[in-house]
Amino acid sequence: MPEIPEIEGYRKQLEQHVVGQRIRDLHVQRDSWLNTALEAMKDGVIGRQILYVERRGTDLIFHLDDGRRLLLRTAQGSHLHMEQRFDEAQSDVRTTADGIHKEQLSLTTDNTIVTIHSARTGQFLWLTAKELDEQQKEQGPDPLSRHLTPERFKKLFAKRRSALKTALMNPNIIVGIDSRFADDIAFAARLRPSIRMDLLQDDDWDRLYHAMVNVLQGAIEQGENGTANVQCLTADTQNAGEELDKSIHGKAGEPCPCCGTLIQEMLIQRRPAYYCPQCQPEIPPNEQ
């Protein structure tokens, strides 16, 4: 699935370009994306005003003026594009010569066309508020939700025996953390990505929670292509206390931005994980 910083970037763009506008046209290429027939959805949403756009995890939710919602969920690798619409005829200009739409989805408002490209899978659901809440129960909470306190965060993971990186990437536990951010969160928390969750101590949980928030918020602030904000906390490094815009994901063989030790790669359930053997010791710092 897409990463939270990428989706938050899309939410901010949508907030700028479509909030306050009315839906004028809708096209969805695949019926499998929908929870109702396209014509019924169009009858219900065309003419409705978009009040605001919310992000829950990696879902984008359009709140409409009749109390219903449109939920958009796409796979990793998909692209959301917005362009200004100048006239009525432009709502259907993005088609091939034989009239077939090139996008998986297009949503036209008063003066903006929103399109989704290159999505292998996706969902576009027309829901009541209650249906949305029920649908959201199928996945874990947003890691940046104000309702996800450090105490609740620990309860989500504490009894899991899986590796740290595996748990962070499980959308049934917490949603929107991919391989890159899982590595960077583990690095910022000074925890090896292979450590079992049930072995973490109180200090580890505190560092892990704040590392998750800081890394994701830092990436959002820098844009969807931003790197992690990592604070080097080791006492024996000249960078101690400095914020470094540096991701270690995929950097095997390169020096650690905090201590200079070469980044190493390991496999966790056949997935690569990256870590610094000095900053992320096999035994957590508080157990040494």
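Computed from a predicted structure; not experimentally measured. (Residues numbered from 1 in each chain as written. Predicted model: local features only at pLDDT ≥ 70, side-chain atom pairs only at ≥ 80, totals over all residues. Heavy atoms only, no water.)

**Notes on the confidence of the model for the protein chain**
So, point 1. When pLDDT is averaged along the protein chain, the result is 86; 84% of the residues meet or exceed 70.
So, point 2. For the stretch residues 95-101, pLDDT sits under 50, and the model shows nine contacts to residues farther than four places along the chain or on other chains.
So, point 3. Low pLDDT (under 50) marks residues 234-244, which in the prediction has 24 contacts with non-local residues, meaning those over four places away or in another chain. (pLDDT = per-residue confidence, 0-100. Contact = heavy atoms within 4.5 Å.)

**Focus: the pairing of strand S11 (residues 264-268)**
So, point 1. Note: S11 against strand S12 (residues 271-275), five bridges, orientation antiparallel. Its bridge partner lying in S12, Ile 268 is registered against Arg 271.
So, point 2. The hairpin turn running from S11 into S12, its antiparallel successor, is two residues long, and Gln 269 in that turn takes a positive phi close to 50°. (Pairing = 2+ DSSP bridges. Helix = DSSP H or I, 4+ residues; strand = E, 2+ residues; numbered from the N terminus.)

**Side note on the sheet that holds strand S2 (residues 50-56)**
So, point 1. Sheet architecture is open: four strands sit in the order S2-S3-S4-S8, paired in antiparallel fashion. One side of each edge strand has no neighbouring strand; the edge strands of this open sheet are S2 and strand S8 (122-127). Neighbour-to-neighbour, the strand axes of the sheet open up by a mean angle of 15°, direction not taken into account.
So, point 2. One ladder, built from four bridges, connects strand S3 (residues 59-64) with strand S4 (residues 69-74); its direction is antiparallel. Residue pairing in the sheet places Phe 62 in a bridge with Leu 70 of S4.
So, point 3. Packing against the sheet, helix H1 (residues 4-17) makes contact with S2 and S3, and its axis sits at approximately 170° to S2.
So, point 4. Packed on one face of the sheet, helix H2 (residues 38-45) meets S3, S4 and S8 and runs near 50° to S8. (Axes fitted to C-alpha atoms, helices over the stretch in contact; angles between N-to-C directions.)

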